[in-house]
Amino acid sequence: MGLFLIVLMCIATVLLIRNMNKRIRRLPDSFPVAGERERVAEIARLDADLERSGAAAGDDVEADRSVSAGAAEDAEVEGVADGERGSAGEGGTARA
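The structure contained in this document is the topic of the report that follows. Note that the coordinates shown come from a computational prediction; the quantities given were computed from them, not determined experimentally.

Calculation rules
Residues numbered from 1 in each chain as written. Predicted model: local features only at pLDDT ≥ 70, side-chain atom pairs only at ≥ 80, totals over all residues. Heavy atoms only, no water. Helix = DSSP H or I, 4+ residues; strand = E, 2+ residues; numbered from the N terminus. Buried < 20%, exposed > 50% of the residue type's maximum accessible area, 1.4 Å probe, protein only. Areas by Shrake-Rupley, 256 points an atom, 1.4 Å probe, with all protein chains shown as cover. Patch = residues over 30% accessible without salt bridge, like charges linked within 9 Å, V, L, I, M, F, W, Y side chains within 5 Å. Salt bridge = Lys/Arg side-chain N within 4 Å of Asp/Glu carboxyl O.

When you go through the chain residue by residue, the secondary structure sums to 2 helices and 0 strands. Within the span of the chain, comprising 96 residues, buried residues form 0% of the whole. A total of about 8,900 Å² of accessible surface is found on the chain, and carbon and sulfur atoms cover 61% of it.

Spelled out as structure tokens, the structure:
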């Protein structure tokens, strides 16, 4: 009885393998991705929006920095006497 069950399972396995091989041969080489074009277009659009918004915000920030930094730097320089000025190598403090 055990030999009969083993032979029956072997036959079933061979038939299943043949059936799956036929199905695999019928599959195309590659499957078309339906949403790939939309996804690429969406990524490009978001990148363009990010660059536009980043450039506009960056211009505003840089304009504010240059005005306030120049005024603050002039005030600091005017408050220092000529004898107190020095480089980092001469014992003075270096500014970042």
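A few words on a nonpolar patch on the surface. Judged by side-chain polarity, Met1, Phe4, Leu5, Ile6, Leu8 and Met9 come together as a nonpolar surface patch covering roughly 700 Å² of accessible area. Along the polypeptide, Leu8 turns up in helix 1 (residues 2–26).

Oppositely charged side chains can form a pair if their charged atoms are brought close together. Under the criterion given, the structure shown has 3 salt bridges. The salt bridge involving Asp49 is made with Arg45; its shortest N-O contact spans 3.2 Å. Taken together, the residues Asp49 and Arg45, both in helix 2 (residues 36–78) and 4 residues apart, mark about one turn of the helix. By relative accessible area, Asp49 is classed as partly exposed at 30%. We classify Arg45 as partly exposed; its relative accessible area is 41%.

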